[in-house]
Amino acid sequence: MKYLISNFIHVLKPTVALESPLHNSRKLFVFYHIAYNQTYLSVGHWQTIKTISANSSNFTASENQIDEHEANNCLYSIVGVVDSLCKEGRLKEAVSFLHRTNEHHILLDSNVYARLLQGCIESKGMEEAKRVHLHMIKYGFEPGTFLSNRLVDVYTKCGLMEDARQMFDKMSLPDVVSWTTMIAGYAKRGRVEDAREFFDSMPERNVVSWNAMIAAYAQHGHAEEALELFCRMQKAGVVPNSVTMVGVLSASGSLEFLGIGKQVHALILILGIELNVFVGSALLDMYTKCKCLKDAQKMFDKMPERNVVSWNAMMDGCAKYGDISKARKMFDEMPERSVASWTVMMSGYAQHEHAEEAFELFRRMQYGSTMPDQFTYACVLSICASLVVLYHGKQVHARSIRIGFEPYVSVGNGLLTMYSKCGSIEEAHKVFRRMPEHNLVSWTAMVSGCAMHGLANDALHLFGQMQQAGVKPDSITFLGVLSACSHAGLLNLGCYYFDSMSREHGIIPRTDHYSCMIDLFGRARQLDVAKNIIDSMPFEPDARIWAALLGACRISGNAELGIHAAKHLFELEPQNCATYILLSNIYAAAGSWDDVAKVRRMMKEKGIKKMPGWSWIDVKNKVHIFLVGNRSHPQMEQQTD
């Protein structure tokens, strides 16, 4: 074909100066047809065409040149060239081709722009989309609603929401597609409030609009709002489809609202879409999250078609709430695995404290055809954090840097937690400073990490920076803040932050927060205030509350209140040796040796033994565990020399 092009150019050159502009334009038209089949032209070929065009009149559909039929054919050929380039992934060349057509004064129509913008959408070509848009503006092309929607779509998919908004605002008559595209774009960027503002402003809505807003709520932690919107959708008389059901089931599962989930399942049966593979997978996920593995298994067994999502959902349910060996059996039987399949299985092993199996699976994954993603690395880092194995954590960190995953916020958050729990708070600070963006989890991990290491001032300083950055704290963030105040004995600040939870942030304190406050007042030796807090709690105190009070009594030496707390703990956790030991220590500090002996007799009668202290060290890529009084370690003699 290249020979044909060159031969055509060779024949065309001598006739340029001899023939009329009309004949040259006809030959240019023929050339475009050849270019359509060949896909692209060399620089030399374009130079010849420029020469032909210079000796021709404007290449438009005017009556002085070629007729309208030939002009349309030429535009058809240009669309063909652009289409071929886009299909081959040569988007930049396609856009360059667009600009070169103007050197020959060819007026383009919407079909050319539409194909180019579609190529930009498919490849998320942000710069190319801007060039196409500028080309329209430069040559006075009015895009109309269809092309404007394409521009809005490509801008939202590239994350350029301000450009998308500007394009939307310029549209004289935005249709339902325009509005829905903006809603989906804001939702994808986590800007749910902006998405809802657009949704409420829509002059008309279709099922896709409702689906976009429900999915936005379901995917960004606003499950209750998603269910509320679904109720509004039904009242509005809009018939839901399979996409609607997937979003609603996701919200029901997140809230563990089994009753609502079953009602939705009944509606799915009425609509006749239960056997849709995506709806079936969403039902599986809902039942597993609601801990109904029998219903999930029934759904899995009767699905006529299962995809990798279906297998992952069932496997995840077995790993979390059922049998880890069954989850592994499913993993081995899967017809195909995604990266999520490996991550789910590793997470299940970690949850059941099978760390070695999780690491082995990670090693297998690395040597196989499935590449770990950022969520896999975040999962492995959490395993390193739970085992407190710094060496392995650093190895995973180094590998994530080589692959280019360190900038991902999920990996960064995993690194923050791992380094904090492994005692390297300075490394955690370094990772935090290098992260390109911080979300709520990032700030919370650093606040909690500093609190864990007794760096109360650093924790509170980070909390202040977090608020200045516009990130709203949640209950877990405040747990880190209160823990920092407790460890540092910052009584007044602790009271202020505790009160601000409900007063300023609308967060209702939970058991853990009250436990921190009891510990805080206990360290300040204000046990009467601590007891009043317990009495005024809006719910019944559990073992954590009484354990906090008992610990405070040990610090203050208050035997009477300690006995009161211990009695409640004996009822709630009769086999917990820590209660007996703390009470025994309180008696010993008060010199009540008879009571100490009495507590020890109780332990003996109930068969309760004190758990031996143990520690571990990481030597040459292997974790060694040592128990107090146990000399069974194979290298014990070397360790004690």
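Bear in mind that the values here come from a model prediction, so they are computed numbers and not experimental data. (Residues numbered from 1 in each chain as written. Predicted model: local features only at pLDDT ≥ 70, side-chain atom pairs only at ≥ 80, totals over all residues. Heavy atoms only, no water.)

## Some details on the packing of helix α22 (residues 374-387) against helix α23 (residues 390-403)
Contact geometry for α22 and α23: axes closest at 9 Å, N-to-C directions at 165°. Relative to α23, the element α22 is oriented roughly antiparallel. Crossing angle aside, the handedness with which α22 passes α23 is left-handed. Residues Tyr377, Val380, Leu381 and Cys384 of α22 pack against His392, Gly393, Val396, Arg399, Ser400 and Ile403 of α23. (Axes fitted to C-alpha atoms, helices over the stretch in contact; angles between N-to-C directions. Helix = DSSP H or I, 4+ residues; strand = E, 2+ residues; numbered from the N terminus. Parallel < 35°, antiparallel > 145°, perpendicular 65-115°, else oblique. Left-handed = near helix turned anticlockwise from the far one by under 90°. Contact = heavy atoms within 4.5 Å.)

## Some remarks on the packing of aromatic side chains
For the structure shown, the criterion picks out 16 aromatic pairs. Taking 5.2 Å as the distance between ring centres and 85° as the angle between the ring planes, the aromatic pair formed by Phe300 and Trp311 counts as edge-to-face. Highlighted residues: Phe300 in helix α17 (residues 293-302) and Trp311 in helix α18 (residues 308-321), separated in sequence by 11 residues. In terms of burial, Phe300 and Trp311 fall into one category: buried. Following the ring pairs from residue to residue traces out a cluster consisting of Phe168, Trp179, Tyr186 and Phe198. A cation sits over an aromatic face here: Arg205 above Trp210, 5.6 Å from the ring centre. (Phe/Tyr/Trp six-rings, centres within 6.5 Å; stacked < 30°, edge-to-face > 60°. Buried < 20%, exposed > 50% of the residue type's maximum accessible area, 1.4 Å probe, protein only. Lys NZ or Arg CZ within 6 Å of the ring centre and 35° of its normal.)

## Notes on the packing of helix α24 (residues 409-421) against helix α25 (residues 425-434)
The description of two packed helices rests on the angle between their axes and on the distance between the axes. Where α24 meets α25, the closest approach of the two axes is 7 Å, and the angle between their N-to-C directions is 165°. Judged by the inter-axis angle, α24 sits roughly antiparallel to α25. Like other packed secondary-structure pairs, α24 and α25 cross with a definite hand, here left-handed. For the pair α24 and α25, contact is made by Gly412, Leu415, Leu416, Tyr419 and Ser420 and by Ile425, Glu427, Ala428, Val431 and Phe432, respectively. In terms of residue class, the contact of α24 with α25 is built from seven nonpolar, two polar and one charged. (Nonpolar A, V, L, I, M, F, W, Y, C, P; charged D, E, K, R; others polar.)

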